[in-house]
Amino acid sequence: MRKEYDFSKGIRNPYVTKLKQQITIRLNIETVDYFKKQAEETGISYQNLINMYLTDCAVHEKKLEYTFK
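Residues numbered from 1 in each chain as written. Predicted model: local features only at pLDDT ≥ 70, side-chain atom pairs only at ≥ 80, totals over all residues. Heavy atoms only, no water.

Draft legend 1. Highlighting the packing of helix α1 (residues 29–42) against helix α2 (residues 46–59). Two elements in contact, α1 and α2, have axes separated by 8 Å at closest approach and are oriented at 105 degrees. Judged by the inter-axis angle, α1 sits roughly perpendicular to α2. On the side of α1, the interface is formed by V32, F35, K36, Q38, A39 and T42, while α2 contributes Y46, L49, I50 and Y53. For the contact of α1 with α2, the per-class residue count stands at 7 nonpolar, 2 polar and 1 charged. (Axes fitted to C-alpha atoms, helices over the stretch in contact; angles between N-to-C directions. Helix = DSSP H or I, 4+ residues; strand = E, 2+ residues; numbered from the N terminus. Parallel < 35°, antiparallel > 145°, perpendicular 65-115°, else oblique. Contact = heavy atoms within 4.5 Å. Nonpolar A, V, L, I, M, F, W, Y, C, P; charged D, E, K, R; others polar.)

Here's what the structure looks like:
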């Protein structure tokens, strides 16, 4: 490892706008189990599956249909 590095010709990260934000969220155990099962079947991590699903909802502006019990 060098003592010093020259970053004068470096470029900014072109993917900086695509970075993810870490948050804390509480999900039902059944929901997490569902995505973990999907993760096993697809080989994609359950966190990425949840992110992909929520992204799809946001992109397509899906509205949640819910009833109060």
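Draft legend 2. Layout of the environment of R12. Along the chain, R12 turns up in the segment before α1. Taking the relative accessible area as the measure of exposure, R12 reaches 77% and is therefore exposed. The sequence separation of R12 and N28 amounts to 16 residues, and the corresponding C-alpha distance is 39 Å. (Buried < 20%, exposed > 50% of the residue type's maximum accessible area, 1.4 Å probe, protein only.)

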